[in-house]
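# Reading the structure
Residues per chain are reported as follows:
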Amino acid sequence: MRVLGISGSLRRDSHNTKLLRAAGEIVEQHGGQFEIFDGLKAIPPYDEDDDIGYGPQPVVRLKQAIARADAVLFATPEYNSSVPGVLKNAVDWASRPAAASPLRNKPVAVIGASTGMFGAVWAQAELRKVLGATGARVLEVELAVGHAHEHLDDAGHPLDPAEAEALRDSVATLTAELQPLDMAV
Ligand SMILES: Cc1cc2nc3c(=O)[nH]c(=O)nc-3n(C[C@H](O)[C@H](O)[C@H](O)COP(=O)(O)O)c2cc1C
């Protein structure tokens, strides 16, 4: 079972990237493999004129990473009550052409953290909507870490027991979803 993590933040010390790393540790405890996609910054702005053949190389890398994964876990911050542009842009690239998109039928889950009170709930909701539009199978997973600078340790582990449990539950939902697929092969 391979899970790809995609953080919506490019920031070196991103709370969302750290939260993904903490999620990755749990995936590995469940016997899965976890990697974080590190090429988001290289993805150019979406331009339909450039969306020919396999598309630009950074986009090929993204699509291949999604295609190789059995599931994708997104962790998104919230920028002005919505999804950061770089993440929306990457999803737009990955969604085309619709019939061949690696997101189609892919189990995906969304979690998030912000330094505001509400833990990027609006950005998460919008990202779920966008992913649903791509044909991804959006799992019902909930984790919104507010005041992330206080609620996560340096390695991204939630300090609040309820949030730590929600992270474990989120990963459990994702990995449980994959068990039947694993058993079918
Ligand atoms: C352009 C911008 C807009 C932001 N808008 C929001 C917002 O609407 N809601 C919120 O909770 N935090 C907002 N923030 C604060 C982010 O939650 C904070 O920068 C957070 O640490 C970003 O996630 P990261 O640590 O993963 O980079 C905003 C930050 C930036 C840079």
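Refer to the structure presented above.
Being a predicted model, the structure only gives us computed values, none of them experimental.

## A look at the site of the ligand
The ligand sits among 13 residues. The nearest are Ser9, Arg11, Ser14, Asn16 and Ser81. Here an oxygen atom of the ligand and a backbone polar atom of His15 are 2.9 Å apart. Here an oxygen atom of the ligand and a side-chain polar atom of Ser114 are 2.9 Å apart. Expressed as a share of its isolated accessible area of 620 Å², the protein-covered part of the ligand is 70%. Taking a 2 Å distance to the grid points as the criterion, the majority of the atoms of the ligand fall inside the second largest pocket. Classifying every residue of the shell around the ligand gives two nonpolar, nine polar and two charged.

## Section: the environment of Arg11
Here Arg11 is to be found in the loop between strand S1 (2-7) and helix H1 (15-29). Given the relative accessible area of 45%, Arg11 is considered partly exposed. Residues Arg11 and Ala120 lie 109 residues apart in sequence; the distance between their C-alpha atoms is 16 Å. At 3.2 Å, the side chain of Arg11 and the backbone oxygen of Asp13 are in polar contact.

## Describing the layout of surface pockets
Considered as a void within the structure, the largest pocket measures approximately 210 Å³ in volume. In terms of lining, the largest pocket is formed by 14 residues, of which the most central are Ser9, Leu10, Thr17, Phe37 and Asp38. Its residues placed into classes, the lining of the largest pocket shows five nonpolar, four polar and five charged. Lining the second largest pocket, in full, are Ser9, Arg11, Ser14, His15, Asn16, Pro77, Glu78, Tyr79, Ala113, Ser114, Thr115 and Gly116. Its residues placed into classes, the lining of the second largest pocket shows three nonpolar, seven polar and two charged.

Quick notes on the rules
Residues numbered from 1 in each chain as written. Predicted model: local features only at pLDDT ≥ 70, side-chain atom pairs only at ≥ 80, totals over all residues. Heavy atoms only, no water. Near = heavy atom within 4 Å. Polar contact = N/O pair within 3.5 Å; in protein donor to acceptor, adjacent residues only side chain to side chain. Areas by Shrake-Rupley, 256 points an atom, 1.4 Å probe, with all protein chains shown as cover. 1 Å grid on protein atoms, 1.4 Å probe; cavity = no way out; pocket = protein on both sides within 12 Å on 5 of 7 lines; lining within 4 Å. Sits in = over half its atoms within 2 Å of the grid points. Nonpolar A, V, L, I, M, F, W, Y, C, P; charged D, E, K, R; others polar. Helix = DSSP H or I, 4+ residues; strand = E, 2+ residues; numbered from the N terminus. Buried < 20%, exposed > 50% of the residue type's maximum accessible area, 1.4 Å probe, protein only. Points joined across faces, edges and corners; volume = space filled by probe spheres on them.

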